[in-house]
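# Architecture and fold: a report
Chain residues, written in single-letter form:
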Amino acid sequence: MTSCAQKILHDVFGYARFRGEQQAIVEQIADGGDALVLMPTGGGKSLCYQIPALLRPGVGIVVSPLIALMQDQVDALRQLGVKAAYLNSSLSADDAREVQSRLLRGELDLLYVAPERLLNAGFLALLERSSLALFAIDEAHCVSQWGHDFRPEYRELTILHERFPAVPRIALTATADAPTRREIIERLSLESARAFVSSFDRPNIRYRVTNKVSALNQLQDFIDKEHANDAGIVYCLSRRRVDETAARLKEFGWDALPYHAGLDAATRAANQSRFLREEGVIMVATVAFGMGIDKPNVRFVAHLDLPKSMEGYYQETGRAGRDGLPADAWMAYGLGDVVSMRQMLMSGEAPEERKRVELQKLDALLGFCESTACRHQTILRYFGEEHPGNCGQCDNCLEPVDTWDATQAAQMALSCVYRTGQRFGVGHLIDVLLGKVTVKIEQFNHQQLSTFGIGRELTQQQWSSVFRQLIAGGYLEADIEAYGGLRLTEAARPVLRSEQAISLRRDAEPAKRKSVRTERAGKSREPFSGADEDRLWLALKACRMALAREQGVPPYVIFHDSTLLEMHDRRPASLAELSRISGVGQGKLARYGDDFLKVIEENF
Ligand code: ADP
Ligand code: ZN
């Protein structure tokens with residue numbers, strides 16, 4: 001069995017070794033058992049059901065909510081020589097009939113189906129007349145009513161177990177939290193399934209949180225210096241900001257497209273398709289963009305606004321670097337974000353209890369932003385997993401942050417809030433501390449206060465950092481009734497009484513901050529970008545693009561970047577040498593081997 005699985009891995013997929021728990025999972029399903037697979041994005045979930053489907057007699061049925069992606073997945077499998085098809089509402093009646101008769105004739109290895117199609121009585125009857133290898137339930141967290149991706153049909157999938165008790169089932173998800181996990185087991189009756197839980201670490205993603213000064217300029221600088229030719233996603237909070245940012249990036253010469261719920265469906269689909277099918281497109285989007293974005297070579301995810309929670313942050317940044325090559329998660333974060341996010345949550349229509357939960361989630365995220373500890377460690381801890389820290393792949397590890405004893409500054413800031421009556425915003429409070437005589441100061445006679453001008457030792461920027469951290473740390477809160485005026489919380493009391501010391505991070509000056517670009521950990525090599533691009537690399541990419549265009553598939557369906565990079569570095573001179581490159585299986589070797597060998601020879 002093991003050797004058969006190994007042979008398929010090598011011959012069909014072109015990979016030398018199983019990753020992580022893949023082999024154990026494949027064996028569990030191939031032997032007829034059930035499995036629950038929790039693996040991060042990019043971990044390699046698909047092979048876990050694709051290989052058993054090829055090992056066992058009959059067809060593997062894959063339930064997926066991602067209709068838009070079925071075609072790409074099926075295209076990718078066909079490239080490998082696997083007999084795959086899909087059934088969903090995008091097919092014409094004739095095409096659907098054709099797929100169904102292939103199913104009945106036993107001509108398929110894998111069939112992707114939308115959940116509503118699967119639950120259809122006629123289709124279930126069809127399945128009863130077919131030979132079935134397995135059921136794979138992809139994106140299994142869609143059963144969870146609490147998640148963003150809830151699909152009611154997913155809750156009815158227990159019918160598979162009832163009607164086909166002998167067919168093994170495998171449920172897969174990249175959602176890490178324990179409540180969702182429990183819900184999947186319960187809702188899909190997977191109590192007796194073996195659970196395979198991988199580490200949720202994404203070691204190839206380098207996390208960075210920068211102090212927001214002028215977000216758009218900082219973003220441009222980041223893309224320019226580090227990702228000039230790469231595909232990436234920029235997340236913004238509002239539709240307006242998406243439009244503005246996309247327009248600005250375009251103005252500066254990048255191929256940037258907007259994506260949000262305010263655009264009509266056709267524009268959204270067209271933009272998404274360009275992002276998937278072309279190289280180097282930057283998608284500027286609200287969180288509406290994301291679920292099932294399977295593009296493996298997204299090289300960066302940038303946040304111009306705060307995400308709502310750690311779950312959101314992990315999921316959104318997780319779309320970078322699925323191919324395992326180095327990728328960046330970059331966020332610009334500042335005082336304004338803290339204030340406005342809290343206000344937005346507090347003023348929403350949601351019931352009180354829900355608001356409380358959301359505020360807690362936001363607090364966890366703010367804690368992450370302000371933390372001076374390893375980012376990988378902080379993220380994993382949130383999901384209940386240990387990590388030794390010192391990853392060498394995050395801003396805090398690469399450039400350890402200074403902290404300073406801010407007890408006295410915090411006391412000044414808090415008492416300034418108190419003395420001004422707990423109803424003014426940060427701008428005014430800083431004016432008071434710096435002793436500026438403004439119209440507003442005169443209007444409220446604030447130059448009479450004992451806190452007027454006591455903070456001249458710090459700059460405007462530094463005070464803004466103090467206030468941001470005091471709000472993020474829960475010592476101050478924004479009062480929505482008073483238009484964002486700040487007031488003290490219970491936590492401020494011990495600080496004001498000198499019973500508690502406060503240590504804050506010292507924000508780097510953005511302009512002077514040196515680039516951390518060169519400090520990549522040597523795990524996998526950095527894809528070419530900018531001036532590094534050389535002739536052979538460009539020629540390999542051009543060859544891939546031409547083949548992809550010819551067939552109407554995304555370039556990564558032909559070969560992944562990692563495979564192209566290996567070709568570039570090893571310069572195989574024969575089909576035998578080419579076949580040893582990871583990602584070159586027999587199907588692709590036969591189809592494209594000669595084309596790529598020729599490119600290598602000509603550009604040597
Ligand atoms: P997931 O669905 O978990 O996000 P995928 O199944 O799309 O991940 O796999 C992520 C990437 O890793 C794909 O490019 C896939 O071809 C590659 N991959 C998966 N398993 C292996 C392996 N054993 N060896 C090399 N590459 C692999
Ligand atoms: Zn780190």
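Structure shown above.
Quick summary incoming for the structure in this document.

Thresholds applied
- Residues numbered from 1 in each chain as written.
- Chains lettered and ligands numbered in written order.
- Predicted model: local features only at pLDDT ≥ 70, side-chain atom pairs only at ≥ 80, totals over all residues.
- Heavy atoms only, no water.
- Helix = DSSP H or I, 4+ residues; strand = E, 2+ residues; numbered from the N terminus.
- Buried < 20%, exposed > 50% of the residue type's maximum accessible area, 1.4 Å probe, protein only.
- Axes fitted to C-alpha atoms, helices over the stretch in contact; angles between N-to-C directions.
- Left-handed = near helix turned anticlockwise from the far one by under 90°.
- Contact = heavy atoms within 4.5 Å.
- Nonpolar A, V, L, I, M, F, W, Y, C, P; charged D, E, K, R; others polar.
- Pairing = 2+ DSSP bridges.
- Near = heavy atom within 4 Å.
- Polar contact = N/O pair within 3.5 Å; in protein donor to acceptor, adjacent residues only side chain to side chain.
- Areas by Shrake-Rupley, 256 points an atom, 1.4 Å probe, with all protein chains shown as cover.
- Phe/Tyr/Trp six-rings, centres within 6.5 Å; stacked < 30°, edge-to-face > 60°.
- Core = buried A, V, L, I, M, F, W, Y, C linked by side-chain atoms within 4.5 Å.
- Donors = N, O, S within 2.8 Å, 3.2 Å for Na, K, Ca; no water.
- Tetrahedral: all angles 85-135°; square planar, octahedral: opposite > 155°, others 65-115°.
- Parallel < 35°, antiparallel > 145°, perpendicular 65-115°, else oblique.

## Points about unusual backbone geometry
- Phi angles above zero are rare outside glycine, and Ser 189 is one such case at about 45°.
- Backbone geometry at Gln 422 places phi at a positive 55°, although glycine is not the residue there.
- Here Gln 422 shows up in the loop between helix 18 (407–419) and helix 19 (426–434).
- With a relative accessible area of 26%, Gln 422 lands in the partly exposed category.

## What about the packing of helix 14 (residues 335–347) against helix 21 (residues 460–472)?
- Contact geometry for helix 14 and helix 21: axes closest at 8 Å, N-to-C directions at 35°. For the element pair helix 14 and helix 21, the recorded crossing hand is left-handed. Contacts between helix 14 and helix 21 involve Leu 335, Val 338, Val 339 and Arg 342 from the first element and Ser 464, Phe 467, Arg 468, Ile 471 and Ala 472 from the second.
- Of the residues in the contact of helix 14 with helix 21, the class split is six nonpolar, one polar and two charged.

## Thoughts on the sheet that holds strand 9 (residues 231–235)
- Spatial strand order, 8-13-12-9-11-10: six strands in an open sheet with parallel pairing. Each of the sheet's edge strands pairs with one partner strand only, and the pair in question is strand 8 (205–211) and strand 10 (256–259). On average, each strand axis in the sheet is inclined to that of its neighbour by 15°, with strand direction left out of account.
- Two elements, strand 9 and strand 11 (residues 282–285), share four bridges in a ladder whose sense is parallel. Bridged to Tyr 235 within strand 11 is Ala 285.
- Helix-sheet contacts for helix 15 (residues 352–370) involve strand 8 and strand 13 (327–333), and the interaxial angle to strand 13 is about 105°.

## Examining the site of ligand 1
- Around ligand 1 there are 15 residues in total, and Tyr 15, Gly 42, Ser 46, Arg 322 and His 560 lie nearest to it.
- Within the side chain of Arg 322, a nitrogen or oxygen atom sits 2.6 Å from an oxygen atom of ligand 1.
- Coverage of ligand 1 by the protein amounts to 84% of the 560 Å² it exposes when considered alone.
- Here the residues of the shell around ligand 1 are counted per class, giving four nonpolar, seven polar and four charged.

## Details of the sheet that holds strand 3 (residues 84–87)
- Here we have seven strands laid out as an open sheet, ordered 3-4-2-5-6-1-7, and parallel in their pairing. If you trace the sheet from one side to the other, it starts and ends with strand 3 and strand 7 (194–197), each paired once. For this sheet the average axis-to-axis angle between neighbouring strands, irrespective of direction, equals 20°.
- Relative to strand 4 (residues 110–113), strand 3 runs parallel, the two sharing four bridges. The residue of strand 4 that forms the bridge with Ala 84 is Leu 110.
- This element, helix 2 (residues 22–30), spans strand 1 (35–38), strand 5 (132–137), strand 6 (169–173) and strand 7 of the sheet and lies at about 160° to strand 7.
- Of the strands in this sheet, strand 3 and strand 4 touch helix 4 (residues 67–79), which is tilted by about 165° from strand 3.

## Here we look at the packing of aromatic side chains
- Here the structure, examined in full by the defined rule, presents 13 aromatic pairs.
- Between Tyr 313 and Phe 368, the ring centres sit 5.1 Å apart and the planes meet at 50°, which makes this aromatic pair tilted. On the criterion of sequence distance, the pair formed by Tyr 313 in helix 13 (residues 310–317) and Phe 368 in helix 15 is long-range, its members being 55 residues apart.
- When the ring of Phe 559 is compared with that of Tyr 592, the centres are 6.1 Å apart and the planes differ by 75°; the resulting orientation is edge-to-face.

## Looking at the nonpolar core
- Residues Trp 463 and Phe 467 are the most contacted members of the largest nonpolar core, which totals 176 residues.
- Core analysis: the next-biggest nonpolar cluster, separate from the first, contains 18 residues, Ala 215, Val 242, Ala 246 and Leu 249 among them.

## What about the coordination of the zinc ion (ligand 2)?
- Bound to the zinc ion (ligand 2) are the protein donor atoms Cys 374 (SG), Cys 391 (SG), Cys 394 (SG) and Cys 397 (SG), situated 2.3 to 2.4 Å from the metal.
- Of note is the zinc ion (ligand 2), whose four donor atoms meet at the metal with angles of 101 to 122° in an arrangement that counts as tetrahedral.
- For the zinc ion (ligand 2), all donor residues lie on one chain, and their spacing in sequence is C-x16-C-x2-C-x2-C. Taken together, the residues span a long stretch of sequence, with Cys 374 in the loop between helix 15 and helix 16 (375–382) and Cys 394 in the loop between helix 16 and helix 17 (395–398) at a distance of 20 residues.
- Judged by relative accessible area, which is 6%, Cys 374 ranks as buried.
- Judged by its relative accessible area of 0%, Cys 394 is buried.

## A few points about the packing of helix 14 against helix 15
- Two numbers describe how helix 14 lies on helix 15: the axes approach to 10 Å, and their chain directions differ by 165°. As judged from the angle between their axes, helix 14 and helix 15 are roughly antiparallel. For the element pair helix 14 and helix 15, the recorded crossing hand is right-handed. Side by side, helix 14 and helix 15 meet where Val 338, Met 341, Arg 342, Leu 345 and Met 346 of the first sit next to Lys 355, Glu 358, Leu 359, Leu 362, Asp 363 and Leu 366 of the second.
- Per-class residue counts for the contact of helix 14 with helix 15 are seven nonpolar, no polar and four charged.

Function-wise, these values are silent; they only describe arrangement.
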